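# Inside the fold
These are the residues of each chain, in order.
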Amino acid sequence: MTNAGSSMITIERHIFLEQAAFPDASGTLTQLLYDIALAGKLIASRTTRAGLADILGATGDENVQGEEVQKLDLYAHRTIFQLTDHTGRLAVMASEEEKDIIAIPSKYPMGKYVLVFDPLDGSSNIDFNVSVGTIFAIYERKTESGPGTLRDVLQKGSDIVAAGYLVYGSSTMLVYAAGNGVNGFTLDPSVGEFLLSHPHIRLPERPKYYSVNQGYEKYWTEGIKRYTRWLQGEEGATQSLSLRYIGSMVADVHRTLLGGGVFYYPADSKDPKKPNGKLRLLYEANPMAFVIEEAGGYASTGRGAVRDVDPEDLHERTPLFLGSTELVRKAEEFIGQYDS
Ligand code: P6P
């Protein structure tokens, strides 16, 4: 008789097995990843019912980005905070929804890790039933002890210990990397377990899609315009890719990871207040860059590796090109050649 479920690997079992690859692991990172998986289950339970409850629509508040805060944004932010603030695994947190760093309440023990997250990215799409997601990255603290500081949070993407995302769509998936490759888990809502569904994800050799908001083309530099035409098969290209753009970063990056190609949000001249484009370095670009590079791809600002950027501000933005290495390097070539 087959051992029922022998091929069924839960995320708990997978993270535990992964931990074995790191002999000096204390298990704290393992526990932190469990915490995030649980937060994902709770957020998923709300996003999949968003159309039913009165949770749709905004709270009328504004977040630090000056963006209308959707109720789900707030729920996701609070869920992640409440599941992680007391565990003794973290020294400090940072969230898209909070202007400053988030201290661990003094009544709780300090930990050695730092968690930065975008609790619900793509939230402007919630009311249209478009996939949205949670993005996270984990670092080791830089300061020795006591409450974590801004210095512990403003770390380069090259110092990431683990990162990943949850995508709340036709199914709920958790995709993460911790230095030993990328693995994807699909939530089985009937049992409330994330099951390993996409082991050892690698970017496909043959790219299929390019992903950018072409509505902003008139605001692009010459280099970006020529790069985009190259992706479409002009400018001496040897391939022509199809355009796919959802406008929800987690969904666009997830498709790029599984289908190959390139996702980019370049700097544009549309908004003088956003000379570096729209995406946030700390909790959008760097975590996704880590995952893509763990899967064999590359992530760039257009001038160099995005994970080499030294952050100066919690909410600083960066131009971002990520996906198949060859395609991202080509973006750097066009920008270097045409955008002095
Ligand atoms: P645009 C969603 O608001 C978001 O922050 C990302 O998820 C997404 O990639 C981007 O903005 C879409 O921005 O300007 O194309 O609508």
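### Quick notes on the overall build of the protein chain
Helix and strand content of the protein chain: 8 helices and 15 strands. Each principal axis of the C-alpha distribution contributes one length, and for the protein chain these read about 55 × 55 × 45 Å. Within the protein chain, the proportion of its 340 residues that are buried is 54%. In the protein chain, the proportion of contacts linking residues at least 24 apart, taken out of those at least 6 apart, comes to 63%. Here the protein chain displays about 14900 Å² of accessible surface, and carbon together with sulfur accounts for 49% of that area. Computed over 33 positive and 44 negative side-chain charges, the separation of the two mean positions in the protein chain equals 2 Å.

### As for the site of the ligand
Taken together, 13 residues sit near the ligand, with Asp 121, Tyr 216, Tyr 245, Met 249 and Tyr 265 positioned nearest. Between an oxygen atom of the ligand and a side-chain N or O atom of Asn 213, the distance comes to 2.9 Å. Within the contact set of the ligand, an oxygen atom lies 2.7 Å away from a backbone nitrogen or oxygen of Met 249. Coverage of the ligand by the protein chains reaches 85% of its 400 Å² of free accessible surface.

### A word on the layout of surface pockets
There is about 300 Å³ of room inside the second largest pocket. Residue lining of the second largest pocket: 18 residues in total, with Phe 22, Ala 25, Leu 29, Tyr 113 and Val 161 positioned closest to the centre. Contributions of two or more residues to the lining of the second largest pocket are made by helix 1 (11–19) and helix 2 (28–47). With 4 residues, the single largest contributor to the lining of the second largest pocket is helix 2. Classifying every residue of the lining of the second largest pocket by side-chain character gives 9 nonpolar, 5 polar and 4 charged.

### Brief notes about unusual backbone geometry
Residues other than glycine seldom take positive phi values, yet Asn 129 does so here, at roughly 60°. Within the element layout of this structure, Asn 129 appears in the loop between strand 5 (113–121) and strand 6 (132–140). In this structure Asn 129 comes out as exposed when scored by relative accessible area, which is 74%. Despite not being glycine, His 200 shows a phi value in the positive range, around 50°. Mapped onto the fold, His 200 is located in strand 10 (residues 193–201).

### Quick word on the environment of Val 114
Position of Val 114 among the secondary structure elements: in strand 5. For Val 114, a relative accessible area of 0% translates into the label buried. In this structure Val 114 touches Leu 90, Val 92, Ala 137, Ile 138, Tyr 139, Glu 140, Arg 141, Asp 152 and Val 153, once residues within four positions along its chain are discounted.

### Concerning the domain arrangement of the protein chain
Here the domain parsing of the protein chain yields domain 1 (6–201) and domain 2 (209–338). Relative to domain 2, the C-alpha centre of domain 1 lies at a distance of 23 Å. Opposite the 49 residues of domain 1 that make contact, domain 2 presents 29 residues. For the pair domain 1 and domain 2, the summed buried surface comes to about 2800 Å²; carbon and sulfur atoms form 65% of the total. The largest contributions to the domain 1 side of the interface with domain 2 come from Ile 135, Leu 154 and Tyr 165, which together make up 21% of the buried area. Counting across the interface, domain 1 meets domain 2 through 0 salt bridges. Summed over the shared surface of domain 1 and domain 2, the result is 11 residue pairs in polar contact (both at pLDDT 80 or more). When residues of the side of domain 1 that touches domain 2 are assigned to their parent elements, the largest contribution, 7 residues, is made by strand 6. Taken together, the residues that form the side of domain 1 that touches domain 2 break down as 27 nonpolar, 15 polar and 7 charged.

### Quick look at empty space enclosed by the protein
Following the criterion strictly, the structure yields 1 cavity of 30 Å³ or more and no others. For the largest cavity, the calculated volume is near 40 Å³.

What counts and what doesn't
Residues numbered from 1 in each chain as written. Predicted model: local features only at pLDDT ≥ 70, side-chain atom pairs only at ≥ 80, totals over all residues. Heavy atoms only, no water. Helix = DSSP H or I, 4+ residues; strand = E, 2+ residues; numbered from the N terminus. Buried < 20%, exposed > 50% of the residue type's maximum accessible area, 1.4 Å probe, protein only. Contact = heavy atoms within 4.5 Å. Areas by Shrake-Rupley, 256 points an atom, 1.4 Å probe, with all protein chains shown as cover. Lys, Arg positive; Asp, Glu negative; His and termini not counted. Charge placed at Lys NZ, Arg CZ, Asp CG, Glu CD. Near = heavy atom within 4 Å. Polar contact = N/O pair within 3.5 Å; in protein donor to acceptor, adjacent residues only side chain to side chain. 1 Å grid on protein atoms, 1.4 Å probe; cavity = no way out; pocket = protein on both sides within 12 Å on 5 of 7 lines; lining within 4 Å. Points joined across faces, edges and corners; volume = space filled by probe spheres on them. Nonpolar A, V, L, I, M, F, W, Y, C, P; charged D, E, K, R; others polar. Domains from an automatic or database assignment. Buried area = accessible area lost by both parts, 1.4 Å probe. Salt bridge = Lys/Arg side-chain N within 4 Å of Asp/Glu carboxyl O.

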